[in-house]
Structure formats: C-alpha cells, structure tokens
Amino acid sequence: MAGIETSRRGIFMVNQTKIFAVTDLTEKLKAAKSAALVDYQGLNAEQITELRNKIKAAGGIMQVAKNTLIARALIQLGIKLDQPLAGPTALIFANEDEIAPLKEIEIMAQELKKPKFKFGVYQSKLLPEEEIEKLAGLPNREILLTQLVGELASPLRQLNYDLQYNQLKLILFLNSYIRKFADSQPEGGEKKWVKKLK
C-alpha cells in the first residue's frame, strides 16, 4: 500500500509540474508582443548560449520546452495545430520589440543555415513559417524610428530653407525699394529721409 501511495504522489507531482509548465508558457505567450517556435537542431551548446544571450539583449527570452507542453499552451490561447510538433523546439518570446529578438534568429540562420522558424504567434494568432520570416526580416523599432525621424526632418529642413530664402528675398526687396525711394528724392531730401529713419 505504501508503494502505491508513493507512486500516486509521484504521478501527482509530475502532473502538477506539467500544469505549472503549461501555465508558465501560456502566460509568457500572452505577455509577449510576438513569439516564434524555432527548430534549433544542429546548433551546439556554445551557439545556443550565444543565441540566447543575443535574444536577451534584444529584449526577448529563449526557452526550450517539450512539444506536448507547447501544444497545450497554444490550446490555452485558442490555437490548435494542424499537425503535432516534431523535433527540438525553442520558444522565442519578444517582450520589448516585436521584431528585434526574431531578427537574431534570422541573422544566425543566414550565417549557419540554422536555426529554422517553425511558425510564429502574433496577437494570439498563428503565423506560418513564411510570415514569421517576413516579420523577422523587417527593420526593428529603433531603425524604423530613425527612418521616421529622418523622413520628418527632411521637410522641416526644406521648410527652414524656404523661410530663410523668403526672408532673404524680403530683405533684398526692401533694400532695393529703399535705394529706389532714396534716389527719387530731391537733392538733400535723401539725408532728411534717412535721418527720420534713424
């Protein structure tokens, strides 16, 4: 009887651990601005550590989890996969910028031909491999903001130039008008008129 009780407690602990793991993944998926599931097969421990650190620096988290637990977490979000997950899977949670952590996957994949996107999650919706790759290929927020500032600054610079140019034209026009007016005055009248201006 004692053996059966111990076995039951063991099963209960395993189930509780799985429940906590699924809850943790679900909450992280909900909190993330975007997420991706990645096949990291072929990467060695050093490369995985390097990738994890780069993703963290980009405002994300890389977490390896069992496919069954990931599938259950996705179900909690209302996402049901057409086919079961296969092969090793890492979850990439983009918490600060939707793109920056995913871009680290793209950069390493360009160099090593791995890891590979399986699919992504954005606003609790499933993104196929092609779409998550497109998302990862977009400029990150910092670059977009820099481009936006450049675009906004360009017309402002043009406006500033136009205002300065128009101001210069006005000064030249007034100067020309004053000279013509002065030249049209009778002799001695110019000096009186200049004195009045002073």
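Residues numbered from 1 in each chain as written. Predicted model: local features only at pLDDT ≥ 70, side-chain atom pairs only at ≥ 80, totals over all residues. Heavy atoms only, no water.

**Q** In this structure, what is going on with the confidence of the model for the chain? I would like to understand it.
**A** Any segment with low pLDDT has predicted coordinates that should not be analysed in fine detail. With 63% of its residues at a pLDDT of 70 or more, the chain shows a mean pLDDT of 80. Note on residues 193-198: pLDDT under 50 across the span, and 2 contacts to partners over four residues away in sequence or across chains. (pLDDT = per-residue confidence, 0-100. Contact = heavy atoms within 4.5 Å.)

**Q** Just checking my understanding: could you explain the pattern of salt bridges for this structure?
**A** Any two side chains of opposite charge can pair, given that their charged atoms come close. For the structure shown, the criterion picks out 3 salt bridges. When the shortest N-O distance is used, the salt bridge between Asp24 and Lys28 registers 3.3 Å. Of the two residues, Asp24 and Lys28 are both situated in helix 1 (residues 2-31); the distance of 4 residues between them amounts to about one turn of the helix. With relative accessibility at 31%, the residue Asp24 sits in the partly exposed group. You can call Lys28 partly exposed: its relative accessible area is 25%. (Salt bridge = Lys/Arg side-chain N within 4 Å of Asp/Glu carboxyl O. Helix = DSSP H or I, 4+ residues; strand = E, 2+ residues; numbered from the N terminus. Buried < 20%, exposed > 50% of the residue type's maximum accessible area, 1.4 Å probe, protein only.)

**Q** Hey, could you run me through the side chain of Glu104 in this one?
**A** Here Glu104 lies in helix 4 (residues 100-112). Residue contacts for Glu104: discarding those within four places in its chain leaves Leu51, Lys54, Ile55 and Ala58.

**Q** For this particular structure, what's the right way to read unusual backbone geometry?
**A** Residues other than glycine predominantly adopt negative phi, and peptide bonds predominantly adopt the trans conformation. Of the consecutive residues Lys114 and Pro115, the connecting peptide bond is found in the cis state with omega at 0 degrees. Here Pro115 shows up in the loop between helix 4 and strand 4 (116-122). For Lys113, which is not a glycine, the phi torsion comes out positive at approximately 65 degrees. Structurally, the position occupied by Lys113 is in the loop between helix 4 and strand 4. Lys113 sits in the exposed class, given a relative accessible area of 73%. Phi is positive for Ser124, which is not a glycine, with a value near 60 degrees. Counting through the fold element by element, Ser124 comes out in the loop between strand 4 and strand 5 (125-127).

**Q** Looking at this structure, I do not really get the environment of Lys103. What am I missing?
**A** Note on placement: Lys103 falls in helix 4. For Lys103, a relative accessible area of 15% translates into the label buried. When the C-alpha atoms of Lys103 and Ala136 are compared, they prove to be 4.9 Å apart, with 33 residues separating the residues in sequence.

**Q** How do you make sense of helix 5 (residues 129-137) when you look at a structure like this?
**A** The periodicity of an α-helix, 3.6 residues per turn, causes residues three or four places apart in sequence to face the same way. All of the buried residues in helix 5 are Ile132, Leu135 and Ala136. Summarising the axial view, the buried residues of helix 5 lie within an arc of 100 degrees, below the 170-degree limit, and thus occupy one face. Residues of helix 5 that are buried in the fold lie against strand 1 (34-39), helix 4, strand 4 and strand 5. (Arc of directions from axis to C-beta.)

**Q** Help me understand helix 4, please; the structure alone is not making it clear to me.
**A** With 13 residues, helix 4 ought to run about 18 Å at 1.5 Å a step, and its terminal C-alpha atoms sit 19 Å apart, in line with that. What helix 4 keeps buried is the set Ala100, Pro101, Leu102, Lys103, Glu104, Ile105 and Met108. In the core, the buried residues of helix 4 are packed alongside strand 1, helix 2 (45-57), strand 2 (60-64), strand 3 (90-94), strand 4 and helix 5. In the segment just after helix 4, Lys113 is the residue with positive phi, at about 65 degrees. (Expected span 1.5 Å × (residues − 1).)

**Q** Explain the packing of helix 4 against helix 5 here, please?
**A** Packed helices, taken two at a time, are described by the angle between their axes plus the distance between the axes. In contact at an axis separation of 8 Å, helix 4 and helix 5 are set at 100 degrees when each is read in the N-to-C sense. It follows from the interaxial angle that helix 4 and helix 5 lie roughly perpendicular. Side by side, helix 4 and helix 5 meet where Leu102, Lys103 and Glu106 of the first sit next to Ile132, Leu135, Ala136 and Gly137 of the second. Here the contact of helix 4 with helix 5 is composed, by residue class, of 4 nonpolar, 1 polar and 2 charged. (Axes fitted to C-alpha atoms, helices over the stretch in contact; angles between N-to-C directions. Parallel < 35°, antiparallel > 145°, perpendicular 65-115°, else oblique. Nonpolar A, V, L, I, M, F, W, Y, C, P; charged D, E, K, R; others polar.)

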